[in-house]
Amino acid sequence: MNIFRLPDLGEGLQEAELVEWRVAAGEDVKVDQPLVAVETAKAVVEIPSPRAGRVERLFASAGDVIRIGAPLIGFEGAGEDAGSVVGAVQQSAAVVRDQPISVGHVGGAVRATPAVRALARKLNVDLAMVTPSGADGLITTQDIERVARILSETEAAEPLRGVRRAMAHNMAQAQAEVAAATIVDDADIHAWASGADTTIRLIRALAQACKAEPALNAWFEPHAFARRVMKKIDLGVAVDLSEEGLFVPVLRDVGNRDAQDLRKGLDRMRQDAAARRIPPEELRGATITLSNFGMIAGRYAAPIVLPPTVAILGAGRIRDEVVAVDGAPAVHRILPLSLTFDHRVVTGGEAGRFLGAVIADLTLAS
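Just so it is clear, the model here is predicted, and its values are computed rather than measured.

**Notes on the overall build of the chain**
Then, in step 1: From N to C terminus, the chain includes 6 helices and 22 strands.
Then, in step 2: Residues counted as buried form 42% of the 366 residues belonging to the chain.
Then, in step 3: Sequence-distant contacts in the chain: of pairs separated by 6 or more residues, those separated by 24 or more amount to 64%.
Then, in step 4: Looking at the chain as shown, the accessible area adds up to about 18,600 Å², and 52% of this sits on carbon and sulfur atoms.

Structure representation (structure tokens):
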């Protein structure tokens with residue numbers, strides 16, 4: 001059998017969820033004919049056939065999570081074609097089912113007697129979810145029974161798939177790698193004209209801040225302990241799709257585009273995200289990120305920096321607030337801002353100057 005394996009889909013991704021087969025066993029296919037649709041990096045991607053021939057075997061089913069380099073499809077014939085549709089393929093791994101991710105007991109081992117472990121298996125309780133009450137962090141029988149009782153009163157566990165699975169992996173990576181620090185401040189936007197486009201103003205202000213303090217428009221390479229300050233500003237824009245989860249498509253070269261062009265790009269981006277048809281390349285390569293979470297709720301936050309970027313600007317909900325103007329009280333519109341940065345790479349001074357430049361641009365009338 002000539003085996004084609006799941007190729008490297010880029011950006012260091014290690015797995016993909018099989019959405020739908022486009023072919024069946026026994027079917028003849030042509031070169032570049034779509035074989036399968038997989039979901040990874042928050043996009044659905046079709047993988048084309050690397051060769052012509054007859055399909056002998058499909059190694060996975062819809063819903064399976066497949067590791068990069070795992071067997072995907074077998075063609076009639078001798079030998080093996082590891083193939084590479086998008087990038088290099090690693091020759092290892094196998095088809096795996098979704099497994100819950102353990103998030104507790106970070107940095108330490110779970111402590112439980114063999115009898116307690118057996119009870120946990122019997123009651124289907126993940127030991128990593130259990131808060132120990134015994135001496136020196138030992139999990140007791142009562143702890144297992146307590147968690148089992150709580151779980152029995154909830155809905156069945158729902159494996160994270162697709163967008164939410166990618167988000168979970170990305171957030172775990174960010175939490176493990178980034179030395180995050182956050183500063184907050186307010187921008188007085190009283191001078192804005194009625195109906196001003198908040199997101200476009202935020203993008204313009206962020207672009208001006210990147211010019212004033214380029215250190216935040218950068219990538220950090222932890223293995224080389226080096227940073228790359230970027231010339232172009234490729235902005236990742238956080239897009240919330242409610243039940244689907246969080247997308248971060250990339251708006252390219254925002255420092256050299258006018259407001260009308262940026263608005264067209266944002267509208268198209270949101271439409272593509274809602275339709276789940278964002279090309280994978282438009283989800284990669286951000287140099288800095290913007291999260292306008294105030295469109296939903298919230299004043300300040302500590303947004304998550306996604307490696308290899310080193311900064312994310314968050315904008316909270318605009319509010320009316322009494323401020324002092326020439327010694328007298330006045331009601332102005334205030335835009336709260338939160339800037340999280342990777343303190344391994346960015347100094348507090350650089351972050352402060354960046355946020356100051358954002359505020360200075362936002363306070364302008366136009």
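**Here's the deal with the pattern of salt bridges**
Then, in step 1: Counted according to the given criterion, the structure contains 14 salt bridges.
Then, in step 2: Glutamate 46 is the partner of arginine 22 in a salt bridge, and the nearest nitrogen-oxygen pair spans 2.8 Å. Separated by 24 residues along the polypeptide, arginine 22 in the loop between strand S2 (15-21) and strand S3 (28-29) and glutamate 46 in strand S5 (residues 43-48) bring together distant segments of the chain.
Then, in step 3: Taking relative accessible area as the criterion, glutamate 46 reaches 43% and is therefore assigned partly exposed.
Then, in step 4: Arginine 204 serves as the salt-bridge partner of aspartate 361, at 3.0 Å between the closest nitrogen and oxygen. Residue aspartate 361 is found in helix H6 (residues 348-362), and its partner arginine 204 is found in helix H4 (residues 198-212); the two are separated by 157 residues along the sequence.
Then, in step 5: Three or more residues joined by partner-sharing salt bridges are found here, namely Glu20, Arg22 and Glu46.

**Points about the packing of H4 against helix H5 (residues 259-275)**
Then, in step 1: Remark: H4 packs on H5, axes separated minimally by 10 Å, with the N-to-C direction vectors making an angle of 115 degrees. Read as a crossing pair, H4 and H5 show a hand that is right-handed. Taken together, the residues of H5 that come into contact with H4 (itself represented by Thr199, Ile200 and Ile203) are Ala259, Leu262, Arg263 and Leu266.
Then, in step 2: Partitioned by chemical class, the residues of the contact of H4 with H5 number 5 nonpolar, 1 polar and 1 charged.

**With respect to the nonpolar core**
Then, in step 1: Counting residues in hydrophobic clusters, the biggest one holds 43 residues, and the most contacted among them are Leu206, Ile288, Leu335, Leu337, Phe354 and Leu362.
Then, in step 2: It is H4 that contributes the most residues to this core, 8 residues altogether.
Then, in step 3: Excluding residues within four positions of it along the chain, leucine 335 makes contact with Asp185, Asp186, Ala187, Ile189, Trp192, Leu202, Ala315, Gly316, Ile318 and Leu362.
Then, in step 4: Counting residues in each nonpolar core, the second largest holds 21 residues, with Leu18, Ile47, Ala60 and Ala70 among its members.

**A word on the sheet that holds strand S6 (residues 53-58)**
Then, in step 1: Sheet architecture is open: 4 strands sit in the order S1-S8-S6-S3, paired in antiparallel fashion. The open sheet terminates on both sides in strands that have one partner only, identified here as strand S1 (2-5) and S3.
Then, in step 2: In this structure, S6 lies alongside strand S8 (residues 71-75), joined through 3 bridges in antiparallel fashion. Its bridge partner lying in S8, arginine 57 is registered against glycine 74.

**Thoughts on the environment of valine 23**
Then, in step 1: Mapped onto the elements, valine 23 comes out in the loop between S2 and S3.
Then, in step 2: Look at valine 23 and you get buried, because its relative accessible area is 6%.
Then, in step 3: In this structure valine 23 touches Val29, Gln33, Pro34, Leu35, Val55, Leu58 and Ile73, once residues within four positions along its chain are discounted.

**What to know about helix H1 (residues 114-123)**
Then, in step 1: The set of residues buried in H1 consists of Val116, Leu119 and Ala120. Seen along its axis, H1 keeps its buried residues to an arc of 100 degrees; they face one direction. Counted as exposed and oriented over 90 degrees from the buried face of H1: Pro114, Ala115, Arg121 and Lys122.
Then, in step 2: Tucked inside the fold, the buried residues of H1 contact strand S10 (111-112), strand S11 (138-139) and helix H2 (141-152).

**Here's the deal with unusual backbone geometry**
Then, in step 1: Residue proline 308 follows proline 307 across a cis peptide bond; omega there is 5 degrees.
Then, in step 2: Take proline 308: it is sitting in the loop between strand S19 (288-291) and strand S20 (311-315).
Then, in step 3: A positive phi angle, close to 50 degrees, is found at phenylalanine 225, a residue other than glycine.
Then, in step 4: Among the residues examined, phenylalanine 225 registers a relative accessible area of 65% and is labelled exposed.

**A closer look at the environment of asparagine 292**
Then, in step 1: By the element assignment, asparagine 292 lies in the loop between S19 and S20.
Then, in step 2: For asparagine 292, a relative accessible area of 14% puts it in the buried group.
Then, in step 3: When the C-alpha atoms of asparagine 292 and leucine 337 are compared, they prove to be 9.4 Å apart, with 45 residues separating the residues in sequence.
Then, in step 4: Within polar-contact distance, the side chain of asparagine 292 engages the side chain of threonine 199 at 3.3 Å.

Reading guide: rules and limits
- Residues numbered from 1 in each chain as written.
- Predicted model: local features only at pLDDT ≥ 70, side-chain atom pairs only at ≥ 80, totals over all residues.
- Heavy atoms only, no water.
- Helix = DSSP H or I, 4+ residues; strand = E, 2+ residues; numbered from the N terminus.
- Buried < 20%, exposed > 50% of the residue type's maximum accessible area, 1.4 Å probe, protein only.
- Contact = heavy atoms within 4.5 Å.
- Areas by Shrake-Rupley, 256 points an atom, 1.4 Å probe, with all protein chains shown as cover.
- Salt bridge = Lys/Arg side-chain N within 4 Å of Asp/Glu carboxyl O.
- Axes fitted to C-alpha atoms, helices over the stretch in contact; angles between N-to-C directions.
- Left-handed = near helix turned anticlockwise from the far one by under 90°.
- Nonpolar A, V, L, I, M, F, W, Y, C, P; charged D, E, K, R; others polar.
- Core = buried A, V, L, I, M, F, W, Y, C linked by side-chain atoms within 4.5 Å.
- Pairing = 2+ DSSP bridges.
- Arc of directions from axis to C-beta.
- Polar contact = N/O pair within 3.5 Å; in protein donor to acceptor, adjacent residues only side chain to side chain.

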